[in-house]
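Coordinate inspection notes
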Amino acid sequence: MLSESDQQQLDRVLVLVRDVLGSDAVGAYLFGSAVLGGLRPESDLDVLVVAKRPTTYAEKEHLVTCLLSMSGRNTPDGVWRRVELTIVVGRDVIPWRYPPRFDFQYGDWLRSDFESGNIEPWPTKVDPDLALLISMVILGDTPLFGPPPNQLFEPVPFDDTLRAMVGDLDRLRSEIESDTRNVILTLARIWSTLETGVIRSKDDAADWALGRLPAIHRPLLARARAIYLADREEGWGDVKECLAPLAECMVVEIKALLKEVHQ
């Protein structure tokens, strides 16, 4: 269940999508935390849109301008959530093929590029992560408009979802100090999914991993989970030297499971 503020923000995103694509918008789908256990204080609003055609440069420019003004926006009732909007052209993902492609993507990690005038900052539109996104869309089964996702998408092979999840292991490990909470929880989710075949919310994945980590690393994972749930302030300065060993521990577990999967 979305809060009134979240629903208002989501409605604005959908009005924008329909304004840009009109009848070429096939469907829009909520995914991520909103359908995997519920939105947390720092959760984004994640929306995947399927279109009949690519957007033009002018349409991308309009999308970026509007999303910059509504993503993470200060309102009289508080701060609106960050928005992640991905648009795919149906023929690029249906029938399924790997690696998939997107047409447009907005996320606040690209905000500085967008604000500097770079409307298409992505180096390539080939994005293996779409395997995970579409898997979550099908699992979440939350159409905002359009047909149910399992009537539109083919099931994504689990091997492709795994490839998407483990493809960034080295990058994640290298960002453990700059994006600590997200990296720790993402590694826990990859480990959990690889072991069990279940895509969990980040806090549920942390719960799963806590009982399997060596005791020395558990307090850091518990801290990441508590920060994600807004039960404590973000802060890692007192444990910086412990972060890389925690990441390495989970990466070792993940790589060991990958070897088992491919034997």
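Above this text you will find the structure in question.
In this text, all values refer to a predicted model and were calculated from it rather than measured experimentally.

Rules used throughout
- Residues numbered from 1 in each chain as written.
- Predicted model: local features only at pLDDT ≥ 70, side-chain atom pairs only at ≥ 80, totals over all residues.
- Heavy atoms only, no water.
- Helix = DSSP H or I, 4+ residues; strand = E, 2+ residues; numbered from the N terminus.
- Rg over C-alpha atoms; globule rule 2.2 N^0.38 Å.
- Contact = heavy atoms within 4.5 Å.
- Lys, Arg positive; Asp, Glu negative; His and termini not counted.
- Charge placed at Lys NZ, Arg CZ, Asp CG, Glu CD.
- Salt bridge = Lys/Arg side-chain N within 4 Å of Asp/Glu carboxyl O.
- Buried < 20%, exposed > 50% of the residue type's maximum accessible area, 1.4 Å probe, protein only.
- Core = buried A, V, L, I, M, F, W, Y, C linked by side-chain atoms within 4.5 Å.
- Axes fitted to C-alpha atoms, helices over the stretch in contact; angles between N-to-C directions.
- Parallel < 35°, antiparallel > 145°, perpendicular 65-115°, else oblique.
- Left-handed = near helix turned anticlockwise from the far one by under 90°.
- Nonpolar A, V, L, I, M, F, W, Y, C, P; charged D, E, K, R; others polar.

Re the overall build of the chain
Along the backbone of the chain there are 12 helices and 7 strands. Since a compact globule built from 263 residues should have a radius of gyration of about 18 Å, the 19 Å found for the chain is in line with a globular shape. In the chain, the share of contacts with a sequence separation of at least 24, taken over all contacts with a separation of at least 6, comes to 66%. Computing the positive centroid from 29 side-chain charges and the negative centroid from 41, the chain places the two 1 Å apart.

With respect to the pattern of salt bridges
Tallied over the entire structure, the rule returns 19 salt bridges. Taking the shortest distance from any N to any O, the salt bridge between Asp103 and Lys60 comes out at 3.5 Å. Here Lys60 lies in helix H2 (residues 57-70) and Asp103 lies in the loop between helix H3 (90-93) and strand S6 (104-106), a separation of 43 residues in the sequence. One salt bridge in this structure joins Lys125 and Asp103, with 3.8 Å as the shortest N-O distance. Of the two residues, Lys125 sits in the loop between helix H4 (111-115) and helix H5 (130-140) while Asp103 sits in the loop between H3 and S6, which places them 22 residues apart along the sequence. Here the two residues Lys125 and Asp103 agree in accessibility, since each one is buried. When salt bridges that share partners are traced, they join Lys60, Asp103, Glu120 and Lys125 into one network.

Concerning the nonpolar core
Core analysis: the biggest nonpolar cluster contains 89 residues, and Leu67, Leu85, Phe104, Phe153, Ile184, Leu187 and Ile254 have the highest contact counts within it. Take this core: its biggest share by element is 9 residues, from helix H12 (residues 240-261). Those residues within four positions of Leu67 in sequence are excluded, and the remaining contacts are Leu16, Val83, Leu85, Phe104 and Tyr106.

So, the packing of helix H9 (residues 180-196) against H12
Across the interface, H9 lies against H12 with an axial gap of 10 Å and an inter-helix angle of 20 degrees. In this view, H9 runs roughly parallel relative to H12, as classed from their interaxial angle. The handedness of the crossing between H9 and H12 comes out as left-handed. Taking contact as the criterion, the partners of Thr180, Ile184, Leu187, Ala188, Ile190, Trp191, Leu194 and Glu195 in H9 are, on H12, Leu243, Leu246, Ala247, Met250, Val251, Glu253, Ile254, Leu257, Leu258 and Val261. Residue classes in the contact of H9 with H12 are distributed as 15 nonpolar, 1 polar and 2 charged.

Section: the environment of Glu253
One can find Glu253 in helix H12. According to the relative accessible area criterion, Glu253 is partly exposed, its value standing at 32%. Each C-alpha atom of the pair Glu253 and Asp11 lies 41 Å from the other, and the pair is 242 residues apart in sequence.

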